[in-house]
Amino acid sequence: PDNPEDGFADALADQLDRWATLGDCDGVVPVLDGAADPRPWTTTAPTTATLAERPPETLADALRAARLLTQTLVTIHDRGVLHTGLDPRHVVYAPGTDRPLLDSVGLFDVYRRHTDPASALSLPYAPPEYFDDRYGVADRTTDVYGMGALLYRIFTGQDPYSGSPADVRKGVLTTPFPQPSDVTELPEALDNIVARATATDK
């Protein structure tokens, strides 16, 4: 947004600074440079495909990716940083590696306040509080929900919800989160983890 009075530029610059503090975290795309003037900008290390562009992984690869991503999320939470926009487009891979990295750390919470949220987050991965304020505000559990939805994608290769924005909203707010084992043969324990992470009651 170009309106200097709406606070977008300052909020974005602050979040880019928070992201930059995670440069020593192996599971986060490193910020190489950036500034607040004349408009907030940043340069990150190069990446290749996103999770959204990768084919479904083997069970062993999916387990490895799930462990690495959840460890990274714990690390950034321990550093006082939230992601707030976990979806397959914000999980990327460095050239020549199969290590998943979190990208765009914290930016969605800024964009959703100033632009169309659907432009910055894939709606099937949005937690209930992004559809209805009665479910609370963005906090650590927002990322837990997002990670549960990502696990569904990692293990099934599918989005948890489909259809129009209204269909997705209704699914998130009124139906239990889909179980990965309904798509492919997977351990019951994974269903339990995903169900707990994506519970609508924080």
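Model, not experiment: these values are computed from the prediction.

Conventions we followed
- Residues numbered from 1 in each chain as written.
- Predicted model: local features only at pLDDT ≥ 70, side-chain atom pairs only at ≥ 80, totals over all residues.
- Heavy atoms only, no water.
- Helix = DSSP H or I, 4+ residues; strand = E, 2+ residues; numbered from the N terminus.
- Buried < 20%, exposed > 50% of the residue type's maximum accessible area, 1.4 Å probe, protein only.
- Phe/Tyr/Trp six-rings, centres within 6.5 Å; stacked < 30°, edge-to-face > 60°.
- Contact = heavy atoms within 4.5 Å.

A. The arrangement of unusual backbone geometry in detail. Between D37 and the following residue, P38, the backbone shows a cis peptide bond with an omega angle of -5°. Along the chain, the position of P38 falls in the loop between β1 (31-35) and β2 (41-44). Here the phi dihedral of T84 falls at roughly 70°; this positive angle occurs in a residue that is not glycine. Residue classification places T84 among the buried positions, given a relative accessible area of 5%. In the Ramachandran plot, S104 falls in the positive-phi region, its phi being about 55° despite a non-glycine side chain. The residue S104 is located in the loop between β4 (100-102) and α3 (107-114) in this model.

B. The packing of aromatic side chains, seen in detail. This structure, assessed with the given rule, holds five aromatic pairs. Between the aromatic rings of F8 and Y111, the centroid separation amounts to 5.2 Å while the plane-to-plane angle is 75°, which identifies the pairing as edge-to-face. You can see F8 sitting in helix α1 (residues 8-20) and its partner Y111 sitting in helix α3, a full 103 residues away along the chain. The exposure class of F8 is buried, given its relative accessible area of 8%. Arranged with centres 5.1 Å apart and planes meeting at 55°, the rings of F108 and Y130 form a pair that is tilted. With F108 in helix α3 and Y130 in the loop between α3 and α4 (140-156), the pair connects residues that are 22 residues apart, well separated along the chain.

C. Here's a closer look at the environment of S104. Residue classification places S104 among the buried positions, given a relative accessible area of 18%. Sequence separation between S104 and L150 is 46 residues; the distance between their C-alpha atoms is 15 Å. Those residues within four positions of S104 in sequence are excluded, and the remaining contacts are W19, H83 and H90.

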